[in-house]
Every structure is written in structure tokens, then in C-alpha cells.
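If you want the building blocks of each chain, they are given just below.
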Amino acid sequence: MASFNRVILAGNLTRDPELRYTPKGLAISKIGLAVNRTWKNEAGETKEEVTFVDVDSFGRQAEVIAQYFKKGSPILVEGRLRLDQWDDKQTGQKRSKLGVVLEGFSFLDSGRTDSGAPSEAPRPRSAAVPAAANSAPEAAAEPEPVPHEEDDVPF
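Everything numeric here is computed off the predicted structure, so don't read it as measured data.

Draft legend 1. Region of the structure containing a nonpolar patch on the surface. Taken together, the side chains of Leu-81, Leu-83 and Leu-98 define a hydrophobic patch exposed on the protein surface, amounting to about 280 Å² of accessible area. Its place among the elements puts Leu-98 in strand S6 (residues 94-107).

Structure representation (C-alpha cells):
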């Protein structure tokens, strides 16, 4: 049975990133992402739908997100879906929530404020932080991808 778990989302942060560290020193950042969808219905009216997604990042990626992003910042997120399940302590019912574990991201803005002046920290226009060295602990055992032969061009 084949399976494929990959998510690519572009949206804006709904809150400032929450950065925490585990006792072993691993950085964990939690962000909320709002993804908008607009369309026209049969009557020609413009409709909008907003989907809110929780995203967890680990390692250096978590630190970079906490340093350069704030509420309202646009971001492109690549990752995988993860289902969290727990028992509600108040009602005793089983609960679940679908979220994203970040494996890579890109800055979507130019790092300039509305006035055209540079923001506090310069940002690359589209800088992707590689996922291989900065992914979640459970993904650390994944093998490195083998480069294609055409990637080994000697010039």
C-alpha cells in the first residue's frame, strides 16, 4: 500500500510564534496559520473561506521562525500532516486535532515595511531553510536523498 503525506500551505500567521526548548535543548516553535480561499458562487457573489492550521517546527527552523516572523507575517510552509489524539480531562471524551509538522519554509515578503524602509532585520526575498538538518526528532532517522546524476555536472 502506497502512502504520501505532504502539505504545502501559504498564509499569514495568526499570532506571534511561541518558542520553547525541551530539557535537552531542542527548540520547538508553534505557529497558527490562516489560509484564505476566495471564489465566486453561482450568483456571482464573491465568497471567502479561512482555514486555520496549527504548525509545529523544530530545531534551527523553529528559532528562525521565532526570530523573523510575527503576527500577520506571510509564510510558505512545507510539511506533513500529524493527528494528535488525547482524552479530555474535563469530559473524559477522546479528542483529536489535525496539524502540520514543518519540514521547510520560505519567506514570502521582501522584508520591507509599508514605508519602503528596511524592517528590523533584513530578510532574503525567498529563502528556504533546508529541512534535513532541522526537522523533527522522529524524522532525524530518515536517509539523505541521493542526488541525481544530472546534478553532478562538473562545471
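There is more to say, and it comes next.
Draft legend 2. Quick peek at the nonpolar core. Core analysis: the largest hydrophobic core is formed by 17 residues, its most contacted members being Val-55, Ile-75 and Phe-105. Secondary structure elements with two or more residues in this core: strand S1 (7-13), strand S3 (27-40), strand S4 (46-58), helix H1 (59-68), strand S5 (74-87) and S6. In terms of residues, this core owes the most to one element, S6, which gives 4 residues. In this structure, Ile-75 is in contact with Leu-9, Ala-10, Gly-11, Leu-13, Leu-33, Ile-65, Phe-69, Phe-105, Ser-106 and Leu-108, ignoring residues within four places of it in sequence.

Draft legend 3. Examining the packing of aromatic side chains more closely. Tallying each qualifying case throughout the model produces 4 aromatic pairs. With 5.0 Å between their ring centres and 5 degrees between their planes, Phe-69 and Phe-107 make a pair best called stacked. Pair noted here: Phe-69 is in the loop between H1 and S5 and Phe-107 is in strand S6, with a separation of 38 residues, a long-range link. Judged by relative accessible area, Phe-69 falls into the buried class, the value being 4%. Centre to centre, the rings of Phe-105 and Phe-107 are 5.8 Å apart; their planes meet at 70 degrees, and the pair counts as edge-to-face.

Draft legend 4. Region of the structure containing the side chain of Ser-29. As for its position among the elements, Ser-29 is in strand S3. Those residues within four positions of Ser-29 in sequence are excluded, and the remaining contacts are Pro-17, Glu-18, Leu-19, Val-55, Asp-56, Ser-57, Ala-62 and Ile-65.

Draft legend 5. Just the pairing of S4, in detail. Summarising the sheet, S3 and S4 pair through 13 bridges and their orientation is antiparallel. Residue Gly-32 lies in a different strand from S4, and its bridge partner there is Asp-54. As consecutive antiparallel partners, S3 and S4 are separated by 5 residues, and within that stretch Gly-44 has a phi angle of approximately 85 degrees, a positive value. Bridge count for S4 against S6 is 2 bridges, and the pairing is parallel. The residue of S6 that forms the bridge with Val-55 is Val-100.

Definitions and cut-offs
- Residues numbered from 1 in each chain as written.
- Predicted model: local features only at pLDDT ≥ 70, side-chain atom pairs only at ≥ 80, totals over all residues.
- Heavy atoms only, no water.
- Patch = residues over 30% accessible without salt bridge, like charges linked within 9 Å, V, L, I, M, F, W, Y side chains within 5 Å.
- Areas by Shrake-Rupley, 256 points an atom, 1.4 Å probe, with all protein chains shown as cover.
- Salt bridge = Lys/Arg side-chain N within 4 Å of Asp/Glu carboxyl O.
- Helix = DSSP H or I, 4+ residues; strand = E, 2+ residues; numbered from the N terminus.
- Core = buried A, V, L, I, M, F, W, Y, C linked by side-chain atoms within 4.5 Å.
- Buried < 20%, exposed > 50% of the residue type's maximum accessible area, 1.4 Å probe, protein only.
- Contact = heavy atoms within 4.5 Å.
- Phe/Tyr/Trp six-rings, centres within 6.5 Å; stacked < 30°, edge-to-face > 60°.
- Pairing = 2+ DSSP bridges.

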